Amino acid sequence: NTDKTICMVFKKCNRVEQFDMFYNNTRLTVVQKFTYLGVTLSYNGLCYQAQKALANQSLNSLFALNSIFDTVALETTDKIKHFDSLVAPILNYSSEVWGFHDANGVENIHLKLLKQVLGVHSKTSNPTICGEFARFPLSVIRKNRIIRYWYKINRNPSSLMYKCMYLKDNNGTLINTWSKTVISLLSSLAYAYIWYSANVSGVLLNDIVQRIKDQYIQNWLSQLENYAI
């Protein structure tokens, strides 16, 4: 059905190019972004639009949550649990794929709720807020999900996802950008060698996940020292 069909061309540059695509002699509409399975894909392959769309979608849930807070007296821990149940799943939706993005829009929703619950000014330092609640930013959760997703794919060598993940060009270089970014993440955690390991244990996976948390805590402490100065 050409009335319901559109197409999108992925490209790395911003130069204007004319793409004419037809089906049964009918010109198809070419778009620059498209939402597929709830994730907004952009023609340039970047994930800004994806996290921005999820942040906007979560606002409705956040408003509904605020209505509950205004009518029902809840403990702080219960308010946080409601956020984790109703809003966080939207913010982290499919983050296994787009989670490498800084996602400031997503993080701001999380911080907005924390500051609101604590009753502090919106300009209160973010590291202080996370420390007050003993919570990790959503970026840590996204990294954990990415690593666990890679681990899941890695345990099924016969799958199409596995073959796409390790697909190489004629020079032996990985083609998949997602794969390259996973290697970069593992390298930042001093686990780059794991990528080439044929058998990664669940214990080692948990070690990597813990390293992500430890790394954040170290950076968090450094940020607190800077604020103190």
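Higher on the page you've got the structure.
Remember, predicted model here, so these are calculated numbers, not experimental data.

A. Layout of the side chain of Arg135. Position of Arg135 relative to the elements: it lies in the loop between α6 (126-133) and α7 (138-154). With relative accessibility at 16%, the residue Arg135 sits in the buried group. Among the polar contacts listed, one links the side chain of Arg135 to the side chain of Asp84, at a separation of 2.8 Å. With near-sequence residues (within four places) excluded, Arg135 lies in contact with Ile80, Phe83, Asp84, His110, Leu114, Cys130 and Tyr216.

B. Up close: helix α2 (residues 76-86). Of all the positions in α2, only Lys79, Ile80 and Phe83 are classed as buried. All buried residues of α2 project into a common sector of 100° when viewed along the axis, lining one side. Seen from the buried face of α2, the exposed residues on the opposite side, beyond 90 degrees, are Thr77, Lys81 and Ser85.

C. Expanded view of the pairing of strand β6 (residues 39-42). Strand direction decides the pairing type here: strand β5 (residues 33-36) and β6, joined by 4 bridges, are antiparallel. Looking at β6, one finds that Tyr36 is bridged to Val39. Counted between consecutive antiparallel strands, the loop separating β5 from β6 contains 2 residues, among which Leu37 sits at a positive phi close to 55°.

Calculation criteria
Residues numbered from 1 in each chain as written. Predicted model: local features only at pLDDT ≥ 70, side-chain atom pairs only at ≥ 80, totals over all residues. Heavy atoms only, no water. Helix = DSSP H or I, 4+ residues; strand = E, 2+ residues; numbered from the N terminus. Buried < 20%, exposed > 50% of the residue type's maximum accessible area, 1.4 Å probe, protein only. Polar contact = N/O pair within 3.5 Å; in protein donor to acceptor, adjacent residues only side chain to side chain. Contact = heavy atoms within 4.5 Å. Arc of directions from axis to C-beta. Pairing = 2+ DSSP bridges.

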